[in-house]
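Residue-level listing of the chains:
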Amino acid sequence: MAMGVRTGYLHWRAWVLSVFALAIVGGASAEDPKAVVIITVDALRADRLSIYGYPRPTSPAIDALLDDGARFDAARTVEPLTTPSMCSMITGIEPQDHAATRNGLRLRDGLESLPKVLSGHGWHTAAFVSNWTLKDNLTHLGAHFDDYSEVFTRRRWFGLLNSEATAEDVTDEALEWLSSHAGPTSSDPVMMWLHYVEPHAPYRYHAEYADRLRITDQDPKRSDRYDTEIATVDAAIGRLISGLEKHFAPAEMIVVFAADHGESLGEHDYWGHGRYLYEPSLRIPLGMRWKGTIEQQVIRQQATILDIGPTILGLLGLEIPETFSGISWAEAVRGGEPVPEREICVQAHKGAVHAEHDSDRKRSKGLLSVAIVSKDRKEILRVQNGDHLLFDLAADPGELSNLFAADAQPSQRLLECLGTISEGLGALDRLTSKKLDNETVEQLKALGYIE
Ligand SMILES: [Zn+2]
């Protein structure tokens, strides 16, 4: 009975709010949005979404979102690993500067960040994370938000602790929070970041999507299971968008969609992400929608996850902290001057730290590779064995033919990229260390980051 009353109340309120919202959209200033929502999906390859050309209908809800604003066709993460990538998105700086270069390592204290800037302008900020590696006690990301929800609602088999969550749980938690922070009594704008953990390994099979995805195997392959995980997270994101739109009209809300990194599904004999800088783990889907302000378009120039913070602040007309190293696409997505093509410098590190002897003091020891990507030219240097690779991504999208001769020297730009990263890591090695607890070590093992 109580639930029925509550549900009825929500429906009534949502109806009034949506009618009210529709009534004011025409006259509302698009300069004054009421919500910024960043949705990130773990280990999601861009090329497994229908809108990026995948023939299976894995992603109707994500497609609808990305088709209704600016979609980036050549977006990359800065490091193909959850903690470093998400810490870069939130703080606007590169892993060697924020210090969380591997899973299990925490951010430096006192950094500027997108949610802190918004909070300083009266926004209420909240995060909803469902990957263990983003827990506040590991990353210190919680200090950047007014509310930091760790959504771990379920136990695996007979585990004693809640260590997992489904996409449905993340959507539920965020919508419940929104009901109490965006109601008639609160006028503060809200910033929400949701991180969904599917389709991260171990690629569970969701049989309810077999027909839609035309999977007929009784024992589906890993790649097929991965696709059903995308369909699952897509459904939860569709429900999230519907729930958000009960509070905010599309013209009142900036929605950004991205992945923290991609996923290698057997390419170069590798499953997973983190260790290599090949395109399957480096490329991410990226798009942003702000109805009436952002023009519907596909942007071909290279973008990175570091551009999310500057672009949101640019769209809101707020000052971008000097520390932020990405660029703002705010004018370009409004239909203004395109941003020129640029080079990006990316890095790969060992997956996780797991004990005192392998802790913060050893950040510089974790660097595996650096790369420079400039449109279709990609140069990779494997730091630990000196392997040096050059690919033409237009002619060889699978990165199978190394164009370098054995004695080719790294380009000046690649050496600068390596120098900047190494210098930052060297400075970090002087920071203090912290031992991980046993529970965290077990979770990092379950996620595949510790052997
Ligand atoms: Zn991840």
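The structure this text deals with has already been given above.
All figures in this text were calculated on a predicted structure; none of them were measured in a lab. (Residues numbered from 1 in each chain as written. Predicted model: local features only at pLDDT ≥ 70, side-chain atom pairs only at ≥ 80, totals over all residues.)

Student: Help me understand the sheet that holds strand β11 (residues 343-349) in this model?
Tutor: Within a sheet, neighbouring strands are paired by backbone hydrogen bonds and run either parallel or antiparallel to one another. With respect to topology, four strands assemble into an open sheet ordered β11-β12-β13-β14, the strand pairing being antiparallel. Only two strands of the sheet have a single partner each, and these edge strands are β11 and β14 (388-392). Strand after strand, the sheet turns through a mean of 15° between neighbouring axes, direction not considered. Two elements, β11 and strand β12 (residues 367-374), share seven bridges in a ladder whose sense is antiparallel. The residue bridging Ala348 from the neighbouring strand is Ser369, located in β12. Strand contacts of helix α13 (residues 412-428): β11, β12 and β13 (377-382), with the helix running at about 140° to β12, the strand carrying the most contacts. (Pairing = 2+ DSSP bridges. Helix = DSSP H or I, 4+ residues; strand = E, 2+ residues; numbered from the N terminus. Axes fitted to C-alpha atoms, helices over the stretch in contact; angles between N-to-C directions. Contact = placed C-beta atoms within 7 Å.)

Student: When you look at the sheet that holds strand β6 (residues 253-259) in this model, what are you seeing that I'm missing?
Tutor: Pairing in this open sheet of eight strands is mixed, and the strands run β4-β3-β5-β1-β6-β9-β2-β10 from one edge to the other. With partners counted over all chains shown, the strands left at the sheet margins are β4 (147-150) and β10 (297-304), one partner each. Ignoring strand direction, the axes of neighbouring strands in this sheet form an average angle of 15°. Where strand β3 (residues 124-129) and β4 come together, four bridges link them in parallel fashion. When the sheet's bridge partners are listed, Val129 is paired in β4 with Glu150. Sitting on the sheet, helix α9 (residues 222-245) is in contact with β1 (35-41), β5 (190-196) and β6, with an inclination near 175° to β1. Strands in contact with helix α11 (residues 308-316) are β1, β6 and β9 (283-289); relative to β6, the strand with the most contacts, it is inclined by about 170°.

Student: Before we go on, may I ask you to explain the pairing of β1 in this structure?
Tutor: Taken residue by residue, a regular strand's side chains alternate between the two faces of the sheet. Within β1, six of the seven residues are buried, leaving the element largely enclosed by the surrounding structure. Sheet analysis places β1 next to β6, joined by seven bridges and oriented parallel. Across the sheet, Val37 pairs through a bridge with Val255, a residue of β6. (Buried ≥ 20, exposed ≤ 12 C-beta atoms within 10 Å, placed from the backbone.)

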